[in-house]
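Residues per chain are reported as follows:
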Amino acid sequence: MASEVLRDLITDRNGIYADLTAGGAGHSLRIMKALSSQGKLIAMDRDPRAVETARQRLSPFGDRVTLIHGNYRDFTRHCETLGIRQVTGALLDLGLSSLQLDDPSTGMAYRADGPLDLRFDPSVGIPAYEWLAAASEAEIANTIFAFGEEPRSRAIARRIVAVRRTDPIHTSRQLLTEVESATGFSGPRLGRTAARVWQALRIVVNEELDAIPEGLRAVIDRLAGGGRLVTLAYHSLEDRIVKTHFREASRVCNCPRSYPKCMCGADPKGRVLHRHVLRPSPEEVARNPRAKAARLRVFERVVGMEAAR
């Protein structure tokens with residue numbers, strides 16, 4: 001949804017923008033090409049490999065691009081370090097990049113064998129195989145059900161705990177074998193289940209769902225008036241958090257008019273730009289099947305917006 005992202009994000013070609021999850025720098029490149037020679041970009045990512053890729057691909061733009069290895073949940077701190085009070089717009093793409101999916105050393109793709117790590121930043125937290133070795137059966141089952149929405153979570157957790165006593169799981173291939181044994185699935189059905197299991201483990205080791213609301217608050221507070229935050233989510237858990245936060249950030253006072261002042265605590269920061277979530281066109285999905293699940297939402301900052309009734 002590259003064209004939709006640029007259409008909704010760029011409101012001032014001379015502005016300062018932030019790509020909060022730069023990945024392979026695809027969006028960052030498009031943003032820089034859409035800006036004037038005065039426009040600037042902050043490109044950040046938790047994955048140090050992504051930062052290096054972005055550094056190489058964005059090098060033609062020189063000091064108009066600032067690269068940061070960091071988590072978007074810490075956006076306020078990064079802005080303070082850079083001395084940036086406001087940004088004109090920001091993009092938060094919550095999907096995995098091809099860079100991560102195609103690298104077997106990350107374990108992100110269940111079809112490719114490699115260490116079952118799943119961390120975006122190898123220097124933070126513990127890899128997924130360590131988490132699986134230490135978590136209880138109930139913790140594993142609850143995680144796979146809550147974060148992967150997988151109905152066979154209990155059977156999968158039971159199998160993992162049973163085999164880890166003699167053969168601890170360390171690789172993607174090992175885990176895929178145990179998921180297959182626990183469910184009896186094969187082919188596409190096994191693939192769908194494995195994708196849910198991988199999603200759940202990735203979310204828990206990277207604390208992804210905790211980072212989203214923190215990041216959204218930090219970015220919205222740094223948006224200039226008329227600036228926009230564009231988000232791309234790829235599963236319902238992420239999208240639900242974004243939708244709820246945007247709704248709360250745009251909620252105006254609903255106290256009775258007889259009240260002398262607002263008592264419900266409404267503090268609207270702006271408005272949701274599109275009434276309904278935007279999805280990729282069939283033509284785009286045909287060109288890029290990985291875009292099929294994308295959900296685009298936009299929040300526009302309105303400075304001084306009153307909690308008027």
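Here, the structure is the one placed above.
Residues numbered from 1 in each chain as written. Predicted model: local features only at pLDDT ≥ 70, side-chain atom pairs only at ≥ 80, totals over all residues. Heavy atoms only, no water.

Draft legend 1. Summary view of the environment of Arg 154. Looking at where Arg 154 falls in the secondary structure, it is placed in helix H8 (residues 153-164). For Arg 154 and Pro 104, which are 50 residues apart along the polypeptide, the C-alpha to C-alpha distance reads 27 Å. (Helix = DSSP H or I, 4+ residues; strand = E, 2+ residues; numbered from the N terminus.)

Draft legend 2. Geometry of the packing of helix H1 (residues 2-9) against helix H2 (residues 26-34). With their axes 11 Å apart at the nearest point, H1 and H2 run at an angle of 50° to one another. As far as their axial angle goes, H2 and H1 are oblique. For the pair H1 and H2, the sense of crossing is right-handed. Between H1 and H2, the residues in contact are Ala 2, Val 5, Leu 6 and Leu 9 and His 27, Arg 30, Ile 31 and Ala 34, respectively. Grouping the constituent residues of the contact of H1 with H2 by class yields six nonpolar, one polar and one charged. (Axes fitted to C-alpha atoms, helices over the stretch in contact; angles between N-to-C directions. Parallel < 35°, antiparallel > 145°, perpendicular 65-115°, else oblique. Left-handed = near helix turned anticlockwise from the far one by under 90°. Contact = heavy atoms within 4.5 Å. Nonpolar A, V, L, I, M, F, W, Y, C, P; charged D, E, K, R; others polar.)

Draft legend 3. Spatial organisation of a positive patch on the surface. The grouping of Arg 152, Arg 154, Arg 158, Arg 189 and Arg 192 at the surface amounts to a positive patch. In this structure Arg 154 comes out as exposed when scored by relative accessible area, which is 59%. (Patch = residues over 30% accessible without salt bridge, like charges linked within 9 Å, V, L, I, M, F, W, Y side chains within 5 Å. Areas by Shrake-Rupley, 256 points an atom, 1.4 Å probe, with all protein chains shown as cover. Salt bridge = Lys/Arg side-chain N within 4 Å of Asp/Glu carboxyl O. Lys, Arg positive; Asp, Glu negative; His and termini not counted. Charge placed at Lys NZ, Arg CZ, Asp CG, Glu CD. Buried < 20%, exposed > 50% of the residue type's maximum accessible area, 1.4 Å probe, protein only.)

Draft legend 4. View of the pairing of strand S2 (residues 40-45). The buried count for S2 comes to five of six residues, which makes it a mostly enclosed element. Where strand S1 (residues 16-19) and S2 come together, four bridges link them in parallel fashion. From the neighbouring strand, Ile 16 faces S2, where its bridge partner is Lys 40. With respect to chirality, the unit in which S1 leads through H2 into the neighbouring parallel S2 is right-handed. (Pairing = 2+ DSSP bridges. Right-handed = clockwise from strand over helix to strand, strands pointing away.)

Draft legend 5. Focus on the environment of Arg 57. Assignment of secondary structure puts Arg 57 in helix H3 (residues 48-57). Taking the C-alpha atoms as reference, Arg 57 lies 26 Å from Pro 280; in sequence the two are 223 residues apart. In this structure Arg 57 touches Gly 24, Ala 25, Gly 26 and Leu 29, once residues within four positions along its chain are discounted. For Arg 57, the side chain forms a polar contact with the main-chain oxygen of Gly 24, separated by 2.7 Å. (Polar contact = N/O pair within 3.5 Å; in protein donor to acceptor, adjacent residues only side chain to side chain.)

Draft legend 6. Spotlight on the side chain of Glu 178. Within the element layout of this structure, Glu 178 appears in helix H9 (residues 172-183). The residues touching Glu 178, leaving out its near neighbours within four places in the chain, are Arg 159, Val 163 and Ile 169.

Draft legend 7. Quick peek at the pattern of salt bridges. Under the definition given, this model contains 19 salt bridges. In this structure, the salt-bridge partner of Glu 52 is Arg 55, at a minimum N-O distance of 3.3 Å. Residue Glu 52 and its partner Arg 55 are located together in helix H3, separated by three residues, close to a single helical turn. Classification of Arg 55 as partly exposed rests on a relative accessible area of 41%.

Draft legend 8. Molecular detail of helix H4 (residues 75-82). Among the residues of H4, those classed as buried are Phe 75, His 78 and Cys 79. With its buried residues spanning 100° around the axis, H4 presents them on a single face. Facing away from the buried side of H4, by more than 90 degrees, are the exposed residues Glu 80 and Thr 81. Against the buried residues of H4 lie S1, S2, strand S3 (65-69), strand S4 (87-93) and helix H11 (208-222). With its phi angle positive at about 75°, Gly 83 sits one or two positions after the end of H4. (Arc of directions from axis to C-beta.)

Draft legend 9. How the structure looks around unusual backbone geometry. With a phi close to 75°, Leu 118 is a non-glycine residue in the positive phi region. Within the secondary structure layout, Leu 118 lies in the loop between helix H5 (98-101) and helix H6 (128-134). Notably, Glu 149 is not glycine yet its phi reads approximately 55°, a positive angle. Along the chain, the position of Glu 149 falls in the loop between helix H7 (137-148) and H8. Looking at Glu 149, the relative accessible area reads 39%, which means it is partly exposed.

None of this, on its own, says anything about what the molecule does.
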